[in-house]
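Inside the fold
Below are the chains, spelled out letter by letter.
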Amino acid sequence: MQNFKEKLNRINPFYVICGYLLLLLILLLFKIYPYGYNISALIGIWKGFAELNPDLIDKGFVIYNDGGYDGQFFYLISKSLFTGGVQSFPILDSFLLRFNRIGLPLLTGVLNFFTGFHFYPMTTLLLLVALHIYSFQVLYKILDSEIKYLAYFYLFSPFSLNSILLLVSDSLFVSITLICVYVLKFEGYEFYNIRTKINPFKKSIVLIFLVAIFTCFVKESGLIIIGTILLLSFYDKNFRITTILLLAIIVFLFITQAFKFIPKINPGTNPLGFTDLIDYPLFGFFKSIQMNSINSLKSLFREIAKFPIFIFYLILILNLKNIKRIRDIILSIPIYFILFTAGVGEVGYWLSFDNISRMFTISIPWIILLKQENKAHKDYYALDLSFIILILLIIRLVFIKVPMTYYIF
């Protein structure tokens, strides 16, 4: 096994990236094949929201008669901001919930403002892939030489891969998180393993602030990541970093609260609160088990697919056994957060592989960072299991996926 790891460390990352891109291309073609290779099928626009926002839907886009997915909300927000301005907000399921995740719409909006929103699915896909690969390279640079091979588990993360193919923000959130970690490293603060003195005259204060606040705007879970690093910097008595990150959190909270006072917005067709989306711990998973409904290969695979995710959840609990000191508790806050959100997630999350898998996107790179902090950290085969989940995802996309009914707008 040790020899195998050494061989992985000697592989040129360029060739691994090429392998990843080839896999992504194959899965992309299989995913859009049932829709005449129309890449707009990735957005997941449901006819209900197309009818509510007809001026925002580009001609030739795939519209699903049933279903649809969250990628449509990022698209609608992005196009409304960059074509109609603040006077033409779209009608969503829950305006404030979606608008707080404005990071991806802003990035894609800037790109498509010049190219045209007809190219939105392609530019968004390329953006997410490019940032995922860049964040892989960042992680590869961060890791010590003997464990650089661990970065390959992140590159082929099934959670990030699925997020990219859904054109949602989870993979972007993880990419920006790793970039934030790297920016802090460049500044001289490595919150894992190494204590270094900072040069107080460095001029990257603004960069740290912007990356930290953008991490939060991509997904509100960024508050947990930035909050964790803030606590670590405070524990390490690095009050300069603490102050910058605290300011970023305060500004983020102020802006998101200000969103509530935007005039003439539609609250949405289904503005659910947090309590509407939770259940008792793990009740969502057990309620989702429907063995009596198995009547096809698709339904069988749907039931089987959720169990590796549940096992991965249990393995994350075991990872907490590595905690030996106060600093370990702080470092493990993102793991606690994943366990909480997935644990109390209601049955609708566990019924959908797409929904529940997105909750674990940050787990793989964070476990890798924990292993960088402590080489003796036992992941209890979490990274190995992620590879099995990747195989199941490939099977699902290539062999099991059943096309939804659709029409061309």
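Residues numbered from 1 in each chain as written. Predicted model: local features only at pLDDT ≥ 70, side-chain atom pairs only at ≥ 80, totals over all residues. Heavy atoms only, no water.

**Description of the overall build of the chain**
Scanning the chain from terminus to terminus reveals 21 helices and 3 strands. Computed over C-alpha atoms, the radius of gyration of the chain comes to 21 Å, within 12% of the 22 Å expected from 2.2 N^0.38 for 409 residues, which places it in the range of a compact globule. Taken along the three principal axes of its C-alpha coordinates, the chain extends 60 × 50 × 45 Å. With 409 residues in all, the chain has 55% of them scored as buried. (Helix = DSSP H or I, 4+ residues; strand = E, 2+ residues; numbered from the N terminus. Rg over C-alpha atoms; globule rule 2.2 N^0.38 Å. Buried < 20%, exposed > 50% of the residue type's maximum accessible area, 1.4 Å probe, protein only.)

**Brief notes about the sheet that holds strand β2 (residues 62–64)**
The strand order β1-β2-β3 describes an open sheet built from 3 strands, whose pairing is mixed. Edge positions in the sheet fall to β1 (45–46) and β3 (406–408), since each has one partner strand and no second. Strand direction decides the pairing type here: β2 and β3, joined by 3 bridges, are antiparallel. Within the sheet, the bridge partner assigned to I63 lies in β3 and is Y407. (Pairing = 2+ DSSP bridges.)

**What to know about the pattern of salt bridges**
Inspection of the entire model under this criterion finds 15 salt bridges. A salt bridge links R98 to D93; the shortest N-O distance between them is 2.8 Å. With respect to burial, R98 and D93 carry one shared label: buried. R325 is the salt-bridge partner of D328, the closest N and O atoms lying 3.1 Å from each other. A relative accessible area of 12% places D328 in the buried class. Relative accessible area serves as the criterion here: at 40%, R325 is assigned to the partly exposed category. In the salt-bridge network here, residues are joined through shared partners; they are D70, D93, R98, D170, K219 and R358. (Salt bridge = Lys/Arg side-chain N within 4 Å of Asp/Glu carboxyl O.)

**A look at the packing of aromatic side chains**
The description of an aromatic ring pair rests on the distance of the ring centres and on the angle between the ring planes. Inspection of every chain in the model, using the stated rule, returns 31 aromatic pairs. Both rings, one in F285 and one in F286, keep their centres 5.2 Å apart while their planes meet at 65°; by these two values the pair is edge-to-face. Linked through ring pairs, F285, F286, F307, F310, Y313 and W350 together constitute an aromatic cluster. Positioned above the aromatic ring of Y140, the side-chain terminus of K148 is 4.9 Å from the ring centre. (Phe/Tyr/Trp six-rings, centres within 6.5 Å; stacked < 30°, edge-to-face > 60°. Lys NZ or Arg CZ within 6 Å of the ring centre and 35° of its normal.)

**Some points on the confidence of the model for the chain**
The pLDDT averaged across the chain works out to 90; a share of 95% of its residues lies at or above 70. Low confidence marks residues 194–201, where pLDDT is under 50. Its contacts with residues over four positions away, or in another chain, come to 13 contacts. (pLDDT = per-residue confidence, 0-100. Contact = heavy atoms within 4.5 Å.)

**Side note on the packing of helix α15 (residues 297–319) against helix α17 (residues 333–344)**
Two elements in contact, α15 and α17, have axes whose closest approach is 10 Å; the angle formed by their N-to-C orientations is 145°. The handedness of the crossing between α15 and α17 is left-handed. Every residue of α17 that contacts α15 at Y313, L316 and I317 is listed here: I335, I338, L339, A342 and G343. Residues that form the contact of α15 with α17 fall into these classes: 7 nonpolar, 1 polar and no charged. (Axes fitted to C-alpha atoms, helices over the stretch in contact; angles between N-to-C directions. Left-handed = near helix turned anticlockwise from the far one by under 90°. Nonpolar A, V, L, I, M, F, W, Y, C, P; charged D, E, K, R; others polar.)

**A closer look at a nonpolar patch on the surface**
A cluster of nonpolar side chains, namely M291, I294, L297, L300 and I304, defines an oily patch on the protein surface of about 430 Å² accessible area. Relative to the elements of secondary structure, I304 occurs in helix α15. A relative accessible area of 41% means that I304 is categorised as partly exposed. (Patch = residues over 30% accessible without salt bridge, like charges linked within 9 Å, V, L, I, M, F, W, Y side chains within 5 Å. Areas by Shrake-Rupley, 256 points an atom, 1.4 Å probe, with all protein chains shown as cover.)

**Concerning the side chain of K219**
Following the sequence through the fold, K219 ends up in the loop between α11 (205–218) and α12 (222–235). A distance of 2.4 Å separates polar atoms of two side chains, one belonging to K219 and the other to D170. Setting aside residues no more than four positions away along its own chain, K219 makes contact with R101, D170, F173 and R358. (Polar contact = N/O pair within 3.5 Å; in protein donor to acceptor, adjacent residues only side chain to side chain.)

**Comments concerning unusual backbone geometry**
At Y37, a position not held by glycine, the phi torsion is positive, near 60°. Topologically, Y37 is positioned in the loop between α2 (13–32) and β1. Of note in this structure, Y380 is not a glycine but carries a positive phi near 55°. Inspection of the secondary structure puts Y380 in the loop between α20 (363–373) and α21 (382–400).

**Quick notes on α17**
Helix length check: α17 (12 residues) gives 17 Å between terminal C-alpha atoms against 16 Å at 1.5 Å per residue, within 8%. P334, I335, I338, L339, A342, G343 and V344 are the residues of α17 that are buried. Each element contacted by the buried residues of α17 is listed here: α12, α15, α16 (326–331), α18 (347–351), α19 (353–358) and α20. (Expected span 1.5 Å × (residues − 1).)

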